[in-house]
Amino acid sequence: MSAAPPSPAPRAAVDGETSRRRGLGWLLLVPGMLWLAVFFLFPTIQLFFTSLYDPSGSYEQGYTMTWHVMNYVDAVTDTWNLFVRSFAYAGIATVVCLALSYPLAYAIAFKAGRWKNFLLVLVIAPFFTSFLLRTLAWRTILSDQGPVTSFLQTIAVLPDDGRLLATPVAVIAGLVYNFMPFMTLPLYASLDKVDHRLIEAAGDLYSSPIAGFRRVTFPLSLPGVVSGTLLTFIPACGDYINAELLGTPKQYMVGNRIQSAFLTEHNYPLAASLSLILMAVVVVMVVLYIRRAGTEDLV
Amino acid sequence: MTGSLASRERATAAVPPPPARRPAGRWLADHLVLLLGILVLVYMFVPIGYIFALSFNQPSGRGATAEFESFTWSNWGSVCEPEGLCESLKLSFAVSLTATVLATLLGTLMAFALVRHSFRGRSASNLLIFLPMATPEVVMGSSLLAMFVSLGFDGVLGFVTIVIAHVMFCLSFVVVTVKARLVGMDARLEQAAMDLYANEWQTFRLVTLPLAMPGIVAAALLSFTLSFDDFIVTNFTAGQSVTFPLYVYGAKLKDFPPQLFVVGSAMFLVSFAVVIAAELWRRRRSTWSR
């Protein structure tokens, strides 16, 4: 779980100095930690209490605390399909993203030569424009009159009245596109560290390029795969913009529900319990995944 | 793994593959990967092309975003014409600059503390830094809003609450980025400075800080990008204030001014130019130092 590599031993030898440095360490750490405690930890704990309020209260009249655990049961029975859909969309988007980003990261790390930095800039550059504008551009591209839909209709992949916009395909495509750099950059970082001599050694030992990749390059790039998939999957689970702009209520994800429960219905107990379920599921999945992948270094 | 490698080695050693096929296969693999990479890059630029094209669009009706109607230069000259657009940009810049400075400062201090100092509670600290990154934005935004509302801050939601939220989610990314740089640094350089009678402060200012600078700059750029582009958390904490992403979101419901695409294109051009300039500067510096 811990994201830190084992800490280097403190260098100071004299006892007095060690304790002074320890004090300085605290001093450096405390302002940031306080910020996280007050504006992240405390609200999350408070969210937990909010999730147990009596749901018959309202935003205007206030809520009473009745430790109403049934809020969770209601939230799950009402919206379990949204949870399933969110994790399915986010999971598919993560896999597609990995499949697209890996060749790109590989090409930059191994084939780009002196164009490496320039290509990296090109990878990040599209993401300097606003996330919403990019998603709106996709809405135009995937629209019924757009080039992609008519092309797919011409080659008969889509029926003549078939649509791309307002389907799960469009939502997943949007998720894939918007989280690409979070996948590509960690992948590139770990592929770039791979010692080329190891791959050459595999070739010298008569491994085919494919076997060399499967047994040497890919395993060495696993830390990048792990952090890339996490950095893509986590935000994709909670995203609601792609579902809203590229889909219809039929494609809505749990983020859409949380957003509307909070901002339009002001149903705080429901919104809070949904948020906590989402957070808990994501954290559990992340921890299991990290355990399984066996990497300690997170990002 | 080792066993299977060894057995494989024996198997291939017994029947060596025809030597001519290997380079041919590798050539194909090389160029296939490069080709795939280029295709993916092209895919990444498709929406950018659309944004540029739509910035020159003159829509005939209201909300005409889906189709290019007729060409005009005038959108680029009238960016501030849609009501509130430039105000939202100003607010976004103010928020992102403030949040970037605060997050970079606090996060860099934390990274130094975690890498250079030992103390109790290190793993708890690491956990608290990791958790915001594993929390979907919608959860962070909603919990912050619930806290602000319960503390009676409903009326003052705006610049301050947006900055608070942005610093919170940028901090972890700053810590991770700066830490990565500090861990990779050669501690002997600082020892050498101390050996040459630099005191701790001089060592820090003249050796440690310059060495850590690329990490700090990267962290600041990352924070700025995350903050400037954030919609979800901002939507919860902004109250009546409108940042640029919120403006875009609001505009999609009403008429949709093409000037939004001008701003998008300009953002792309400016940041692209900045990054290229920085890269050229870095190259020149590294050739000088060689």
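Residues numbered from 1 in each chain as written. Chains lettered and ligands numbered in written order. Predicted model: local features only at pLDDT ≥ 70, side-chain atom pairs only at ≥ 80, totals over all residues. Heavy atoms only, no water.

(A) Structural detail: the overall build of chain B. Assigned secondary structure in chain B consists of twelve helices and zero strands. Looking at the 290 residues of chain B, the share that counts as buried comes to 47%. Contacts spanning at least 24 positions in sequence make up 72% of the contacts within chain B whose residues lie at least 6 apart. (Helix = DSSP H or I, 4+ residues; strand = E, 2+ residues; numbered from the N terminus. Buried < 20%, exposed > 50% of the residue type's maximum accessible area, 1.4 Å probe, protein only. Contact = heavy atoms within 4.5 Å.)

(B) Molecular detail of unusual backbone geometry. Residues and elements named next belong to chain A. Phi angles above zero are rare outside glycine, and Ala-166 is one such case at about 70°. Assignment of secondary structure puts Ala-166 in the loop between helix H5 (147-154) and helix H6 (168-193). The phi dihedral of Tyr-206 is positive, around 65°, even though this residue is not glycine. You can see Tyr-206 is positioned in the loop between helix H7 (196-204) and helix H8 (209-220).

(C) View of the interface of chain B and chain A. Listed by partner, the interface residues are 99 residues for chain B and 96 residues for chain A. Between chain B and chain A lies a buried interface of about 9,300 Å² when both sides are counted; carbon and sulfur atoms form 75% of it. Together, B:Tyr43, B:Met44 and B:Phe130 form the three largest contributors to the area buried by chain B at its contact with chain A, with a combined 7%. Taken together, the links from chain B to chain A amount to one salt bridge. The element that contributes the greatest number of residues to the side of chain B that touches chain A is helix H2 (residues 21-55) of chain B, accounting for 18 residues. Looking at side-chain class alone, the side of chain B that touches chain A contains 65 nonpolar, 17 polar and 17 charged residues. (Buried area = accessible area lost by both parts, 1.4 Å probe. Salt bridge = Lys/Arg side-chain N within 4 Å of Asp/Glu carboxyl O. Nonpolar A, V, L, I, M, F, W, Y, C, P; charged D, E, K, R; others polar.)

(D) Structural view of the packing of helix H2 (residues 70-111) of chain A against helix H12 (residues 268-293) of chain A. Residue and element names in this part refer to chain A. Two elements in contact, H2 and H12, have axes separated by 10 Å at closest approach and are oriented at 50°. On the basis of the axis angle, H2 is oblique to H12. When you trace H2 past H12, the crossing you get is right-handed. The residues of H12 that touch H2, namely those facing Asn-71, Tyr-72, Ala-75, Val-76, Thr-79, Phe-83 and Phe-87, are Pro-269, Leu-270, Ser-273, Leu-274, Leu-276, Ile-277, Leu-278, Val-281, Val-282 and Met-285. (Axes fitted to C-alpha atoms, helices over the stretch in contact; angles between N-to-C directions. Parallel < 35°, antiparallel > 145°, perpendicular 65-115°, else oblique. Left-handed = near helix turned anticlockwise from the far one by under 90°.)

(E) Focus on helix H6 (residues 137-150) of chain B. All names here are of chain B. Taking 1.5 Å per residue, 14 residues should reach 20 Å; H6 reaches 20 Å between its end C-alpha atoms and fits that length. The element H6 is largely enclosed, with a buried count of twelve among its 14 residues. Those residues of H6 that fall on the buried side of the exposure criterion are Val-138, Val-139, Met-140, Gly-141, Ser-142, Ser-143, Leu-144, Leu-145, Ala-146, Met-147, Phe-148 and Val-149. Backbone geometry just after H6 places Gly-152 at a positive phi near 80°. (Expected span 1.5 Å × (residues − 1).)

(F) Region of interest: the side chain of A:Thr229. Residues and elements named next belong to chain A. Topologically, Thr-229 is positioned in helix H9 (residues 222-238). There is a polar contact of 2.9 Å between the side chain of Thr-229 and the backbone oxygen of Val-226. Not counting residues within four places of it along the chain, the set of residues in contact with Thr-229 comprises Thr-94, Leu-98, Met-183 and Tyr-289. (Polar contact = N/O pair within 3.5 Å; in protein donor to acceptor, adjacent residues only side chain to side chain.)

(G) Highlighting the packing of aromatic side chains. Residue and element names in this part refer to chain B. Under the counting rule described, the total for this entry stands at 29 aromatic pairs over all chains. Here the aromatic rings of Phe-93 and Phe-228 are separated by 5.0 Å at their centres, their planes lie at 55°, and the arrangement is tilted. Pair noted here: Phe-93 is in helix H4 (residues 85-116) and Phe-228 is in helix H9 (residues 200-228), with a separation of 135 residues, a long-range link. Look at Phe-93 and you get partly exposed, because its relative accessible area is 40%. A ring pair is formed by Trp-201 and Phe-204, whose centres lie 5.9 Å apart and whose planes are at 25°; its orientation type is stacked. Pair noted here: Trp-201 and Phe-204 are both in helix H9, with a separation of three residues, about one helical turn. Judged by relative accessible area, which is 54%, Trp-201 ranks as exposed. The class for Phe-204 is partly exposed, based on a relative accessible area of 28%. (Phe/Tyr/Trp six-rings, centres within 6.5 Å; stacked < 30°, edge-to-face > 60°.)

(H) Fine view of the environment of A:Tyr53. All names here are of chain A. Mapped onto the fold, Tyr-53 is located in the loop between helix H1 (15-50) and H2. Between the alpha carbons of Tyr-53 and Pro-269 there is a distance of 5.9 Å; along the sequence they are 216 residues apart. Aside from chain neighbours lying at most four places away, what touches Tyr-53 is Tyr-63, Thr-64, Met-65, Thr-66, His-68, Asn-71 and Pro-269.

(I) Structural context of the nonpolar core. Counting residues in hydrophobic clusters, the biggest one holds 165 residues, and the most contacted among them are A:Ile241, A:Phe262, A:Leu278, B:Met44, B:Met168, B:Phe244 and B:Leu260. Broken down by element, this core gets its largest block of residues, 17 residues, from H2(A). With near-sequence residues (within four places) excluded, B:Leu260 lies in contact with A:Leu133, B:Leu85, B:Phe244, B:Tyr247, B:Val248 and B:Ala251. (Core = buried A, V, L, I, M, F, W, Y, C linked by side-chain atoms within 4.5 Å.)

(J) Seen up close, a nonpolar patch on the surface. On the surface, a nonpolar cluster with roughly 540 Å² of combined accessible area is contributed by A:Leu41, A:Ile45, A:Phe48, A:Phe49, A:Met65 and A:Trp67. The topology assignment puts A:Met65 in the loop between H1 and H2. (Patch = residues over 30% accessible without salt bridge, like charges linked within 9 Å, V, L, I, M, F, W, Y side chains within 5 Å. Areas by Shrake-Rupley, 256 points an atom, 1.4 Å probe, with all protein chains shown as cover.)

(K) Structural view of the environment of A:Thr77. In this fold, A:Thr77 is placed in helix H2. For A:Thr77, the side chain forms a polar contact with the main-chain oxygen of A:Asp74, separated by 3.0 Å.

(L) Structural view of the state of the cysteines. Per the stated rule, a full pass over the model turns up one disulfide over all chains. Across the disulfide from B:Cys80 sits B:Cys86; the S-S distance is 1.8 Å. Its torsion about the S-S bond being -90°, the disulfide of B:Cys80 and B:Cys86 is classed as left-handed. On the basis of relative accessible area, B:Cys80 is assigned to the exposed category, the value being 52%. Of the cysteine sulfurs around A:Cys97, a residue in no disulfide, the closest is that of A:Cys237, at 13 Å. On the basis of relative accessibility, which here comes to 0%, the residue A:Cys97 falls in the buried class. (Disulfide = S-S within 2.5 Å.)

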